[in-house]
Amino acid sequence: MADTNDNDSGSTDDLLGGLEIESTADIQVPENLIDQVIGQEHAVEVVKKAATQRRHVMMLGTPGTGKSMLAKAMADLLPKEELQDVLVYNNPEDNNTPKIRVVPAGKGKEIVDAHKLEARKRMQARNMFIMIFVFGIIIYSLYTGMLIWGIIAAVLIFMVMRQFMPKEEAYIPKLLVSNAGKEKAAYVDATGAHAGSLLGDVRHDPFQSGGLETPAHDRVEGGAIHKAHKGVLFIDEINTLGLESQQNLLTALQEKEFSITGQSERSSGAMVKTEPVPCDFTMVTAGNLDALRGMHPALRSRIKGYGYEVYMSDTIPDNVDNRQKLVRFVAQEVIRDGKIPHFDSSATKEIILEARRRAGRKGHLTLKLRDLGGLVRVAGDIAHSENADMTLAEHVLKAKSIARSVEQQLADQYLERRKDYKMFEQEGSQVGRVNGLAVMGSDSGIMLPIMAEVTPAQSSSEGRIIATGMLKKIAREAVDNVSALIKKVSGKETRSMDVHIQFIGTYEGVEGDSASISIATAVLSAFENIPVDQSVAMTGSLSVRGDVLPVGGVTYKIEAAAQAGIKTVIIPRSNMGDVMIEDEYKDKIEIVPVSNITEVLDKSLIGPEKKKLIKTIKKSYAFPKLNLGLTDNIPGSSVPAPQ
């Protein structure tokens, strides 16, 4: 077996990119947030330009690649304009249309404090007048001998005057947006915000009459778009916003002001609508590629016409410079967390090795740094719990076993359950049964047994391909191509027989293309009655000429096969550089790289009949298309496996 840890970019001896450090404490971390972004040079360049010109930005890509970090950095880069406070006043002419006033930052609080002081003085003067008037009535009634009636009259007059005299609170403006003491533009994360928190709202007033009601302007609440005035509004997964909210957001972008009104018709605020409130913000949106499907076309057009679209990289080349950047990343995570010890050089090397594994590509390092940062923190927590001065390689190795994803834990449970119920075989041979491999989520391999059977057709003139296992649309359509395979290879008539293909234990559906060689092997085995070696598992796609093409997640699939007790795993030859299995699995399994379907059959089939079949296939100068679109991923995770 080839050395699966060799890398075209360099050996493990230079994992730190030539840096000679005792620990990450020796690494200097940049002060500016934009300079801490790793591996997204194109996105950084775009954000800098967008910040200078106050352009909108839409960033698309895999979660955890630095989109929110870039949005925060953009707020630091915005031109230092004069920040503003926004006040809302009572409108004596129309209580349901509060007035809006914009003042320089810091002045808003001064104005509100001045109004409160003036209101306090008026309240004291009013109360003094009422008390003098009431005591005057009581004293007069005492002299006239009608004290009881005087007290009753005084109480009634006191209540009436308190009820109908104007309230001082109505004259006090409300500070809607405050930038007092701020030197940098605001950064507001409105991810997942409902309409009220995004666009502003008017609170419900339980006392709507009788002189007890709260003034309308005092119930107005600013939204995220208003708090982001002169700053950055960040919205992740923007397609989760309702179309009406997206339309209102578009209006705010165009007009740079948006009136606040009640978002619920059942609320008393439904009658209240303020004058337009300024919301001159720079918008940064983020999401996966599917975000485009749920995004309002006009809103996206606005961003494209007045801003930038950026696709985030999820890997970077594994070279000296990028390894040094990952060393700095570890140092940044330690400093940012503030509760874990620094990593020594051996622990840092383990993190970079894991970055290689998670890249899933030969000669690359992962940029899913949020997940990698989770490993850093778990390893640091383990070191902290052991009162270690530094985080060591052994702590990282422990963290890798503890900080497993939900998909990994679920895959382990599936594996144990399938072992208990003998859902897959590890030894012997069977006709029409193949141990396929799949990926659950993005980092968990799983065994996927596939069975094929050939039976007489129900109709003598029409044979069928019958596939079961909750196949999704593409998989179900693609599996029909198996009939062409049978005809081409065997030269036999298939109209009088049905071919049954079953994916065992696929309770949540099948999709992807990495089971193509497994399907082909199972069907040919069943059709030609040639046994399949059950100690072999396989993954790979097929071209139209029978070439085995690369697939995703080979490392995790190999490890799943080793855990299941499989002795040999067949993978595409072009995936060999992607293999980064853990040391514990290296002596447990043989990895066989293949380039075409004949090599697959030669390694997996048993018996003398296989040579005749392989010879027949080699004579087929135009091999049928077998890119069957099957099971590179078991649904049940929001993150599909790479292809």
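Residues numbered from 1 in each chain as written. Predicted model: local features only at pLDDT ≥ 70, side-chain atom pairs only at ≥ 80, totals over all residues. Heavy atoms only, no water.

A. Local environment of the overall build of the protein. On a plain count of helices and strands, the protein comes out with 20 helices and 26 strands. The 643 residues of the protein split such that 49% are buried. Restricting to contacts in the protein with at least 6 residues of sequence separation, those with at least 24 account for 76%. As displayed, the protein offers around 30,400 Å² of accessible surface, 51% of which is attributable to carbon and sulfur atoms. (Helix = DSSP H or I, 4+ residues; strand = E, 2+ residues; numbered from the N terminus. Buried < 20%, exposed > 50% of the residue type's maximum accessible area, 1.4 Å probe, protein only. Contact = heavy atoms within 4.5 Å. Areas by Shrake-Rupley, 256 points an atom, 1.4 Å probe, with all protein chains shown as cover.)

B. Spatial organisation of the environment of Ala286. Inspection of the secondary structure assignment puts Ala286 in strand β11 (residues 282–287). The spatial distance from the C-alpha of Ala286 to the C-alpha of Ala71 is 9.3 Å, given a sequence separation of 215 residues. Residues in contact with Ala286, not counting those within four places in the same chain, are Met59, Lys67, Phe234, Ile235, Asp236, Glu237 and Ile238.

C. Structural context of a nonpolar patch on the surface. Taken together, the side chains of Leu142, Leu147, Ile151, Val155 and Met159 present a nonpolar region at the surface, about 440 Å² in accessible area. Looking at the nonpolar patch element by element, the count peaks at four residues for helix α4 (residues 147–164). Here Ile151 lies in helix α4. (Patch = residues over 30% accessible without salt bridge, like charges linked within 9 Å, V, L, I, M, F, W, Y side chains within 5 Å. Salt bridge = Lys/Arg side-chain N within 4 Å of Asp/Glu carboxyl O.)

D. Broad picture of the layout of surface pockets. Quantified by volume, the second largest pocket comes out at close to 390 Å³. Considering the residues around the second largest pocket, the lining is formed by 20 residues, among which Gly66, Met69, Glu333, Arg336 and Arg370 are closest to the centre. Elements supplying a minimum of two residues to the lining of the second largest pocket: α2 (67–77), α9 (320–337) and α11 (369–385). Its residues assigned to classes, the lining of the second largest pocket comprises seven nonpolar, eight polar and five charged. (1 Å grid on protein atoms, 1.4 Å probe; cavity = no way out; pocket = protein on both sides within 12 Å on 5 of 7 lines; lining within 4 Å. Points joined across faces, edges and corners; volume = space filled by probe spheres on them. Nonpolar A, V, L, I, M, F, W, Y, C, P; charged D, E, K, R; others polar.)

E. Structural context of the side chain of Thr65. Considering the arrangement of structural elements, one finds Thr65 in the loop between β1 (56–60) and α2. There is a polar contact of 2.8 Å between the side chain of Thr65 and the backbone oxygen of Thr62. Apart from the residues within four sequence positions on either side, Thr65 is in contact with Gln40, Met312, Ser313, Asp314, Leu367 and Lys368. (Polar contact = N/O pair within 3.5 Å; in protein donor to acceptor, adjacent residues only side chain to side chain.)

F. Region of the structure containing the pattern of salt bridges. Evaluated as defined, the whole model comprises 26 salt bridges. In this structure, Lys99 engages Glu275 in a salt bridge whose closest nitrogen and oxygen atoms are separated by 3.8 Å. Of this pair, Lys99 sits in strand β3 (residues 99–104) while Glu275 is found in the loop between β9 (257–258) and β10 (277–278), placing the two residues 176 residues apart along the sequence. Residue classification places Lys99 among the partly exposed residues on the basis of a relative accessible area of 33%. Between Arg203 and Glu221 there is a salt bridge, with the nearest N and O atoms lying 2.8 Å from each other. One end of the pair, Arg203, is in the loop between β6 (201–202) and β7 (220–221); the other, Glu221, is in strand β7, and 18 residues separate them in sequence. Connected through shared salt-bridge partners, Glu354, Arg357, Arg358, Lys400, Glu559 and Glu582 make up one network.

G. Region of interest: the packing of aromatic side chains. Taken as a whole, this structure holds one aromatic pair when the rule is applied. Arranged with centres 6.3 Å apart and planes meeting at 25°, the rings of Tyr187 and Phe234 form a pair that is stacked. Of the two residues, Tyr187 is situated in strand β5 (residues 187–189) and Phe234 in strand β8 (residues 232–236); the sequence distance between them amounts to 47 residues. Lying across the ring of Tyr306, Arg302 places its NZ or CZ 4.1 Å from the centre. (Phe/Tyr/Trp six-rings, centres within 6.5 Å; stacked < 30°, edge-to-face > 60°. Lys NZ or Arg CZ within 6 Å of the ring centre and 35° of its normal.)

H. Structural view of the sheet that holds β1. If you walk across this open sheet you meet the five strands as β5-β8-β11-β1-β12, and the pairing is parallel. Edge strands, defined here as strands with exactly one partner in the open sheet, are β5 and β12 (307–311). Taking each pair of neighbouring strands and ignoring which way they run, the sheet shows an average axis angle of 15°. Across three bridges, β5 lies against β8 in parallel orientation. Paired with Val188 across the bridge in β8 is Leu233. Sheet strands touched by α2: β1, β5, β8 and β11. Its angle to β8, the strand with the most contacts, is close to 170°. (Pairing = 2+ DSSP bridges. Axes fitted to C-alpha atoms, helices over the stretch in contact; angles between N-to-C directions.)

I. Local environment of unusual backbone geometry. Notably, Arg54 is not glycine yet its phi reads approximately 55°, a positive angle. Note that Arg54 resides in the loop between α1 (41–53) and β1. A relative accessible area of 19% places Arg54 in the buried class. Within the chain, Lys230 stands out as a residue other than glycine whose phi angle is a positive 70°. Along the polypeptide, Lys230 turns up in the loop between α6 (224–227) and β8.

J. Expanded view of the nonpolar core. In terms of nonpolar packing, the biggest core is built from 34 residues, with Ile570, Val600 and Leu601 touching the most fellow members. When contributions to this core are tallied by element, the ones reaching two or more residues are β16 (433–440), β17 (444–456), β19 (497–503), α16 (516–528), β21 (536–538), β25 (590–594), α19 (597–604) and α20 (609–619). The element contributing the most residues to this core is α16, with seven residues. With residues up to four places along the chain from it excluded, the contact list for Ile570 reads Ile517, Val536, Ala537, Met538, Thr539, Val592, Val594, Val600, Lys603 and Ser604. (Core = buried A, V, L, I, M, F, W, Y, C linked by side-chain atoms within 4.5 Å.)

K. Structural view of helix α10 (residues 345–359). Relative to the 21 Å expected for 15 residues at 1.5 Å per residue, α10 spans 21 Å between its end C-alpha atoms, a close match to the ideal helical length. Within α10 the residues assigned to the buried category are Ala347, Thr348, Glu350, Ile351, Ile352, Glu354, Ala355, Arg356, Arg357 and Ala359. On its buried side, α10 packs onto β13 (315–317), α9, β14 (364–366), α11, α12 (393–402) and α17 (554–563). Looking one or two residues beyond α10, the residue adopting positive phi is Gly360, at roughly 70°. (Expected span 1.5 Å × (residues − 1).)

L. Geometry of the packing of α19 against α20. Interhelical geometry of α19 versus α20 gives an angle of 180° and a closest axis separation of 10 Å. Judged by the inter-axis angle, α19 sits roughly antiparallel to α20. Residues Ile597, Thr598, Leu601 and Asp602 of α19 form the contact with α20, whose participating residues are Lys610, Leu613, Ile614, Ile617 and Lys618. Of the residues belonging to the contact of α19 with α20, the class tally is five nonpolar, one polar and three charged. (Parallel < 35°, antiparallel > 145°, perpendicular 65-115°, else oblique.)

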